[in-house]
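Examination of the molecular architecture
Letter by letter, the chains look like this.
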Amino acid sequence: QVQLVESGGGLVQAGGSLRLSCAASGRTFSRYAMAWFRQAPGKDREFVAGISWGGDTSNYADSVKGRFTISRDNARNTVYLQMNSLKPEDTAVYYCAQDGLEYGIGNRRTKYNYWGQGTQVTVSS
C-alpha cells in the first residue's frame, strides 16, 4: 500500500528556513503528482504547493509564493518543500499528499487520495 512519511518539521524563528521531506513508497512515484498541505489549529486544511508527475510544473498558494519551493527527486521517491522567510502564520501541521491518478499536474483541484501523518512546523515571533 501507499505510504508517505514526512520529516523535517520543527521550531524556527521568524525569518528562518526549514526543508520538509516526504518519502513515498508503494507505487511508482514518478507517475504521480505530489503536493503539500497544511492545517493550523482551528482552521481548515489548505493547499500550499503542488508539483506535476514529471516535476516540470509547480503551483503555489498565494500566501507562500516567492518564499516556498516544492521539488521532487524521482530517483529517491521523495518530494521536498523548501520554506524560507518563515512567518508565525506559517505555523501548522504540514501534510504530504499524492495524486490518486497517474500523470497529473498537481494543483489545488487535484484529487489527492493518499496522505502522510503530518509534521509540525512552529514559527516563533
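Residues numbered from 1 in each chain as written. Predicted model: local features only at pLDDT ≥ 70, side-chain atom pairs only at ≥ 80, totals over all residues. Heavy atoms only, no water.

Before going further, it helps to examine the pairing of strand E3 (residues 18-25). Taken together, the five bridges between strand E1 (residues 3-7) and E3 define a ladder with antiparallel strand orientation. The partner of Gln3 across the bridge, within E3, is Ser25. (Pairing = 2+ DSSP bridges. Helix = DSSP H or I, 4+ residues; strand = E, 2+ residues; numbered from the N terminus.)

Before going further, it helps to spend a moment on the pattern of salt bridges. Scanning all chains against the criterion turns up six salt bridges. Notably, a salt bridge pairs Glu46 with Arg38, separated by 2.6 Å at the nearest N-O pair. Residue Arg38 is classed as buried on the basis of its relative accessible area of 5%. Through salt bridges with shared partners, a single ionic network connects Arg38, Glu46, Arg67 and Asp90. (Salt bridge = Lys/Arg side-chain N within 4 Å of Asp/Glu carboxyl O. Buried < 20%, exposed > 50% of the residue type's maximum accessible area, 1.4 Å probe, protein only.)

A few words now on the packing of aromatic side chains. Following the criterion strictly, the structure yields four aromatic pairs and no others. Pairing Phe37 with Phe47 gives two aromatic rings, centres 5.6 Å apart and planes at 80°, and the pair type is edge-to-face. Taken together, the residues span a long stretch of sequence, with Phe37 in strand E4 (residues 34-39) and Phe47 in strand E5 (residues 46-51) at a distance of ten residues. The same class applies to Phe37 as to Phe47, namely buried. One aromatic cluster in this structure is built from Phe37, Phe47, Tyr112 and Trp115. Positioned above the aromatic ring of Phe37 is the side chain of Arg45, whose terminal nitrogen or guanidinium carbon lies 5.9 Å from the ring centre. It is Arg72 that lies over the ring of Phe29; its NZ or CZ is 4.4 Å from the centre. (Phe/Tyr/Trp six-rings, centres within 6.5 Å; stacked < 30°, edge-to-face > 60°. Lys NZ or Arg CZ within 6 Å of the ring centre and 35° of its normal.)

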